[in-house]
Amino acid sequence: MQATPPLLEVSGVTVRFGGIVALDQVSFDVQQGTIAGLIGPNGAGKTTLFNCLSRLYTFSEGRINFEGHPLTDHPPHGIASLGIGRTFQNLALFRTMSVRDNVMLGGHCRSSSGFLSNALRLPGVRREEEELSARADEAIRLMDLGDVAQRPVADLPFGTQKRVELARALMSRPKLLLLDEPAGGLNHEEVDGLRQLLKRIQQELKLTMLLVEHHMNLVMRVSDQVVALDFGKKIADGTPAEVQGNPDVIKAYLGVEA
């Protein structure tokens, strides 16, 4: 039986900023329906790689394939419609708007109606709005936001705002969701709640996720695969247990030989 091709293929990706090599021949695959964690000390190249996947950065060597096709065939503004969603370290929510309105905004990158059809309120626009509304309800349910759906985002705790951003990202119906430090600023209880939410998303939506995260407990408990970077190079790639015990990973984090 032929093996299922990976959803994401990163092959020999190199990024240079002047004389600095931010990524050096990085290669790894992410299989459909899995959660992959991307770890490494500060300056390891994790955010640079995320920005390559979002087409915010251009890599000088290598290739990135998504569903078997080169990512570079698509402009940066077409990445969301291609099926790649992303959250950011710094929340970019509309704080005076309600949770539901913030979530709804996440679906407009996939809407097809233009200015004229919206102005004339054509039937296709109404159908599209009904579909967006139903998807917002589902995203709010998945993120346990039903009790605060009509409240302004500014009134909510930081951990709840993180879930709003995640719900908004789901509205674009991504096939691959890039999570940039989703546990940043969360307390222990909130991190465990995030872990449960990510596993629920994976199971219910069959969604593939790639997360950059410094919270090692979360990464090791939620990921099917972990990729470790150090000084722009890949130093490990395997199961959480394999990567945790890798001498190069221990040295990169602790500065000592295993």
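Residues numbered from 1 in each chain as written. Predicted model: local features only at pLDDT ≥ 70, side-chain atom pairs only at ≥ 80, totals over all residues. Heavy atoms only, no water.

Remarks on the sheet that holds strand β4 (residues 61-66)
Then comes step 1: Strand order in the open sheet formed by four strands is β2-β1-β4-β5, and the pairing between neighbours is antiparallel. Only two strands of the sheet have a single neighbouring strand rather than two, namely β2 (20-30) and β5 (69-70).
Then comes step 2: Lying on the sheet, helix α1 (residues 46-53) is in contact with β1 (8-17), β2 and β4; it crosses β1 at an angle near 115°. (Pairing = 2+ DSSP bridges. Helix = DSSP H or I, 4+ residues; strand = E, 2+ residues; numbered from the N terminus. Contact = heavy atoms within 4.5 Å. Axes fitted to C-alpha atoms, helices over the stretch in contact; angles between N-to-C directions.)

Topic: the domain arrangement of the chain
Many descriptions give the size of an interface as the accessible area lost when the pieces come together.
Then comes step 1: What the domain assignment reports for the chain is domain 1 (8-83 + 174-254) and domain 2 (92-156).
Then comes step 2: Spacing between the C-alpha centres of domain 1 and domain 2 amounts to 28 Å.
Then comes step 3: In this complex, domain 1 contributes nine residues to the contact, which on the side of domain 2 involves seven residues.
Then comes step 4: Summing both partners gives a buried area of about 660 Å² for domain 1 against domain 2, and 56% of it is carried by carbon and sulfur.
Then comes step 5: For the interface between domain 1 and domain 2, the tally reads two salt bridges.
Then comes step 6: Asp144 is the salt-bridge partner of Arg200, the closest N and O atoms lying 3.4 Å from each other.
Then comes step 7: The interface formed by domain 1 and domain 2 includes three residue pairs in polar contact (both at pLDDT 80 or more).
Then comes step 8: When residues of the side of domain 1 that touches domain 2 are traced back to their parent elements, those giving at least two are α2 (79-82) and α7 (188-205). (Domains from an automatic or database assignment. Buried area = accessible area lost by both parts, 1.4 Å probe. Salt bridge = Lys/Arg side-chain N within 4 Å of Asp/Glu carboxyl O. Polar contact = N/O pair within 3.5 Å; in protein donor to acceptor, adjacent residues only side chain to side chain.)

Topic: the packing of aromatic side chains
Then comes step 1: Considering all chains together, one arrives at one aromatic pair under this definition.
Then comes step 2: Pairing Phe17 with Tyr57 gives two aromatic rings, centres 5.4 Å apart and planes at 75°, and the pair type is edge-to-face. Of the two residues, Phe17 is situated in strand β1 and Tyr57 in the loop between α1 and β4; the sequence distance between them amounts to 40 residues. (Phe/Tyr/Trp six-rings, centres within 6.5 Å; stacked < 30°, edge-to-face > 60°.)

Comments concerning unusual backbone geometry
The general pattern is negative phi for most residues beyond glycine and trans for most peptide bonds.
Then comes step 1: Positive phi values are uncommon outside glycine, yet Arg173 reaches one of about 50°.
Then comes step 2: Relative to the assigned elements, Arg173 resides in the loop between α6 (158-170) and β7 (176-180).
Then comes step 3: Here Arg173 falls in the partly exposed class, since its relative accessible area comes to 40%.
Then comes step 4: Within the chain, Phe231 stands out as a residue other than glycine whose phi angle is a positive 50°.
Then comes step 5: In this fold, Phe231 is placed in the loop between β9 (225-230) and β10 (233-238). (Buried < 20%, exposed > 50% of the residue type's maximum accessible area, 1.4 Å probe, protein only.)

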